[in-house]
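Single-letter residue listing:
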Amino acid sequence: TEDGSQLWQRQYVVEPEKMLELLDNLSGQITYKLKLPLSRDERKFLATHQTDNAEAYKMYIRGRHCWRKRDKENIQKAISFFDQAIDLDAAYAEAYSGLADCYLILSTVAYGPLPTKEAMSKARFAAETALGIDDTLCEARTSLGVYHFRHEWNWAGAEKEFKQAIRLNPNYAPAYFWYSNLLALMGHSNDSIAAAEKAKELDPLSPLSDLNLARAYYYARRYDVAVNLFRKMLDENPNDLKALYLLSYVYERQGLYQESINSLEKVYEKDRLFAAAPLGYVYARVGRRADALRILNEIGDRSKYPIVPPQEQAIIYLGLDDKDRAFALLGEACRDRFATLPLLLIDPFLDGIRSDPGFVELARCANLPQ
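Calculation rules
- Residues numbered from 1 in each chain as written.
- Predicted model: local features only at pLDDT ≥ 70, side-chain atom pairs only at ≥ 80, totals over all residues.
- Heavy atoms only, no water.
- Helix = DSSP H or I, 4+ residues; strand = E, 2+ residues; numbered from the N terminus.
- Buried < 20%, exposed > 50% of the residue type's maximum accessible area, 1.4 Å probe, protein only.
- Contact = heavy atoms within 4.5 Å.
- Areas by Shrake-Rupley, 256 points an atom, 1.4 Å probe, with all protein chains shown as cover.
- Salt bridge = Lys/Arg side-chain N within 4 Å of Asp/Glu carboxyl O.
- Phe/Tyr/Trp six-rings, centres within 6.5 Å; stacked < 30°, edge-to-face > 60°.
- Lys NZ or Arg CZ within 6 Å of the ring centre and 35° of its normal.
- 1 Å grid on protein atoms, 1.4 Å probe; cavity = no way out; pocket = protein on both sides within 12 Å on 5 of 7 lines; lining within 4 Å.
- Points joined across faces, edges and corners; volume = space filled by probe spheres on them.
- Nonpolar A, V, L, I, M, F, W, Y, C, P; charged D, E, K, R; others polar.
- Core = buried A, V, L, I, M, F, W, Y, C linked by side-chain atoms within 4.5 Å.
- Expected span 1.5 Å × (residues − 1).

A tally of regular secondary structure across the protein gives 20 helices and 0 strands. Within the protein, the fraction of its 370 residues that count as buried is 53%. In the protein, of all internal contacts separated by at least 6 residues, the share reaching a separation of at least 24 is 56%. With an accessible surface of roughly 18300 Å², the protein has 49% of that area assigned to carbon and sulfur atoms.

Structural data, given as structure tokens:
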């Protein structure tokens, strides 16, 4: 890296069934050419792979490709690919971990929603199956940590798994991604930002890494930094619905209500249920009560939306200043252990009600760190 000289380069043309052989060949050649001092365990690690079935490996790679895109359609495709990988190799631990990662997010309106109990039961089974095959697999450790984080609300258990995953593979970006969220929940804002920075460093081309970093700054109440990061994302992809969605929350905290509405209305045009709750909330905040009630009635129509997590309606009731209904619905979400409730409760837009007895009870129910 000092003088930019090229140490090694080679092109390969291989058949798909020879891909696993190529991977083993490449790892050996690269470490030799770079004269990397590797321990015996590191050499053993480079020489191993999770499956000898080339077709199963191809299905797994396709599954991870879809999973990284993170939208409703691609998550379902990812599940299909991981299932095919497992059908081809029932002992393919990484494929089970990939399956767990899909189900861990399927109870939310952004990706599902699948009923919480069903989604999390499938996620836990897949993660524990992966670890039963290989308990040193960092992907599976991360999956189990996310299960503890998003369903059991077992913060110590989640942190243990994330740290173990990072020890097993310090270059696995998703472990840092999820650990940054846990650290934010625990009130460690600077550490959360540092973990999000590390995830971005390891996976710099991932929009999710950018999104997670901007969100970490938002949770830290560093709104100016968060806005700049979200705007940069939207300069590159103006149709990034998740960036528009989260940017609206920052605008609301800054008192830029019309800007918040503009962002959410763009999301609402593409995915009504995803944007409904925050849009209804901001409508209520600016006095557009009829619009807020319209959205509230819309998401309450079970012929259109058979499954709507109760916290979505609760957010709109908070905007309407109907705390009794809001806290009752959030209590339902808590009893259901809805995946994103703890992060909702640390969200800055709820700062004004943290001293309310209803909120205090919710925080206790959700096992929020004191």
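Counted by the stated rule, this structure contains 22 salt bridges. Asp101 serves as the salt-bridge partner of Arg64, at 3.0 Å between the closest nitrogen and oxygen. With a gap of 37 residues between them, Arg64 in helix 3 (residues 54-69) and Asp101 in helix 5 (residues 93-103) connect regions that are remote in the sequence. Comparing Arg64 with Asp101, the two get one shared label, buried. For Arg68, the salt bridge is made with Asp203, and the minimal N-O distance between the two is 2.7 Å. Placement of Arg68 in helix 3 and of Asp203 in the loop between helix 10 (189-202) and helix 11 (207-219) is noted, with a sequence separation of 135 residues between them.

Tallied over the entire structure, the rule returns 13 aromatic pairs. The interplanar angle of 65° and the centroid separation of 6.5 Å between the aromatic rings of Phe149 and Trp178 together place this pair among those described as edge-to-face. Remark: Trp178 occurs in helix 9 (residues 173-185) and Phe149 occurs in helix 7 (residues 138-152); sequence separation between them is 29 residues. Judged by its relative accessible area of 3%, Phe149 falls in the buried class. Centre to centre, the rings of Tyr218 and Tyr219 are 5.9 Å apart; their planes meet at 35°, and the pair counts as tilted. One exposure class covers both Tyr218 and Tyr219, and it is buried. Grouped by ring-pair contacts, the aromatic residues Tyr218, Tyr219, Tyr223, Tyr245, Tyr249, Phe274, Tyr281 and Phe349 constitute a single cluster. The residue whose ring lies beneath Arg70 is Trp67, and the NZ or CZ to ring-centre distance is 4.4 Å. When the ring centre of Phe177 is taken as reference, the NZ or CZ atom of Arg70 above it lies at 5.9 Å.

Its place among the elements puts Tyr96 in helix 5. Measuring from C-alpha to C-alpha, the distance between Tyr96 and Ala140 comes to 8.0 Å, with 44 residues separating the pair along the chain.

The next subject is empty space enclosed by the protein. Under the counting rule described, the total for this entry stands at 4 cavities of 30 Å³ or more. There is about 660 Å³ of room inside the largest cavity. What lines the largest cavity is a set of 31 residues, among which Arg215, Tyr245, Leu246, Phe274 and Thr340 lie closest to the centre. Secondary structure elements with two or more residues in the lining of the largest cavity: helix 9, helix 11, helix 13 (241-253), helix 15 (272-285), helix 17 (310-319) and helix 19 (341-345). Top contributing element to the lining of the largest cavity by residue count: helix 11, with 5 residues. Within the residue set of the lining of the second largest cavity, elements represented by two or more residues are helix 13 and helix 15. Along the lines of polarity and charge, the residues of the lining of the second largest cavity split into 7 nonpolar, 1 polar and 1 charged.

Another point: the nonpolar core. Grouped together as the largest cluster of nonpolar side chains are 131 residues, with contacts concentrated most on Phe149 and Phe230. Contacts of Phe149, omitting those with residues within four sequence positions, involve Trp155, Ala158, Phe162, Trp178, Asn181, Leu182, Leu185 and Leu343.

In this structure, the second largest pocket occupies an estimated 420 Å³ of space. Lining the second largest pocket are 17 residues, and of these Lys69, Arg70, Asp71, Asp240 and Lys242 lie nearest its centre. Here the lining of the second largest pocket takes 3 residues from helix 11, the largest share from any one element. For the lining of the second largest pocket, the residue count by class is 7 nonpolar, 2 polar and 8 charged.

Let us look at the side chain of Glu159. Positionally, Glu159 belongs in helix 8 (residues 155-168). Judged by relative accessible area, Glu159 falls into the buried class, the value being 19%. Beyond its immediate stretch of four places on either side in the chain, Glu159 contacts Tyr179, Leu182 and Met186.

Compared with the 20 Å implied by 1.5 Å per residue over 14 residues, the 19 Å span of helix 15 between its first and last C-alpha is a close match. The buried fraction of helix 15 is high, at 12 of 14 residues. Within helix 15, burial applies to Leu273, Phe274, Ala275, Ala276, Ala277, Pro278, Leu279, Gly280, Tyr281, Val282, Tyr283 and Ala284. In this structure, the buried residues of helix 15 make contact with helix 13, helix 14 (257-270), helix 16 (289-299) and helix 17. With its phi angle positive at about 90°, Gly287 sits one or two positions after the end of helix 15.

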